[in-house]
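What follows is each chain in one-letter form.
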Amino acid sequence: MIRKQGRGTKPAGLTNVVLSLNILQSRVAQWKEEERERVANLPDPTVPPGHVVMDTKEKEETLNVLVRSRVKLLEQLQNLPLRNDTLRLHNTRNELESKLAEIEDAVKIFSRQEFSLSKTEKNVCNYGRKKYR
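Residues numbered from 1 in each chain as written. Predicted model: local features only at pLDDT ≥ 70, side-chain atom pairs only at ≥ 80, totals over all residues. Heavy atoms only, no water.

**A word on helix α3 (residues 87-110)**
Taking 1.5 Å of rise per residue, 24 residues should cover 34 Å, and α3 covers 34 Å from first to last C-alpha, within 8% of that figure. Within α3, the full set of buried residues consists of Leu89, Arg93, Leu96, Leu100, Ile103, Ala106, Val107 and Phe110. (Helix = DSSP H or I, 4+ residues; strand = E, 2+ residues; numbered from the N terminus. Expected span 1.5 Å × (residues − 1). Buried < 20%, exposed > 50% of the residue type's maximum accessible area, 1.4 Å probe, protein only.)

**Topic: helix α2 (residues 56-79)**
An α-helical turn contains 3.6 residues, so a residue and the one three or four places further along point in the same direction. Its 24 residues place the ends of α2 35 Å apart at the C-alpha level, agreeing with the 34 Å of an ideal helix rising 1.5 Å per residue. For α2, every residue scored as buried is listed here: Glu58, Lys59, Thr62, Val65, Leu66, Ser69, Leu73 and Leu77.

**As for the nonpolar core**
One broad trend across soluble globular proteins is that nonpolar side chains are buried collectively. One finds Met54, Leu66, Leu73, Leu77, Leu80, Leu89, Leu96, Leu100, Ile103, Ala106, Val107 and Phe110 forming the largest nonpolar core, which totals 12 residues. Counting residues per element, the ones that place at least two in this core are α2 and α3. Counting residues per element, this core draws most heavily on α3, at seven residues. (Core = buried A, V, L, I, M, F, W, Y, C linked by side-chain atoms within 4.5 Å.)

**What about the pattern of salt bridges?**
Per the counting criterion, the structure on display carries four salt bridges. Between Glu95 and Lys99 there is a salt bridge, with the nearest N and O atoms lying 3.5 Å from each other. Taken together, the residues Glu95 and Lys99, both in helix α3 and four residues apart, mark about one turn of the helix. (Salt bridge = Lys/Arg side-chain N within 4 Å of Asp/Glu carboxyl O.)

**Brief notes about the packing of α2 against α3**
Contact geometry for α2 and α3: axes closest at 9 Å, N-to-C directions at 155°. Considered as vectors, α2 and α3 are oriented roughly antiparallel to each other. For the element pair α2 and α3, the recorded crossing hand is left-handed. On α3, the residues touching Lys59, Thr62, Leu63, Leu66, Ser69, Arg70, Leu73, Leu74, Gln76 and Leu77 of α2 are Arg93, Leu96, Glu97, Lys99, Leu100, Ile103, Glu104, Ala106, Val107 and Phe110. Per-class residue counts for the contact of α2 with α3 are 11 nonpolar, three polar and six charged. (Axes fitted to C-alpha atoms, helices over the stretch in contact; angles between N-to-C directions. Parallel < 35°, antiparallel > 145°, perpendicular 65-115°, else oblique. Left-handed = near helix turned anticlockwise from the far one by under 90°. Contact = heavy atoms within 4.5 Å. Nonpolar A, V, L, I, M, F, W, Y, C, P; charged D, E, K, R; others polar.)

So this is what it looks like as structure tokens:
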């Protein structure tokens, strides 16, 4: 015999379907969130392994420090006498010119649009910033 259900009551099978649908929707949302996290944590294919992308702000700060130190070295170099009579003067000029060449190479590197450092170079870079202040 088939029983008639009263108004306002849902069949037992329908509530199970609704519960299953809710569970399925929550699982789909969870899977989407996990996929977003996975994609966000993927390494950047443009950055070589073992390298780190430098922040724009940090890159600009380093570039400014390098430019200021280049100006200071140029001033020191211009204040030296024109004649290299003594060994000390000769060595000082060579030392300043080598530091200047090193700084100009670093400025070229830091001026690039896309820039990444290896993890060991990042420590050297921080050391370099303190060194040339």
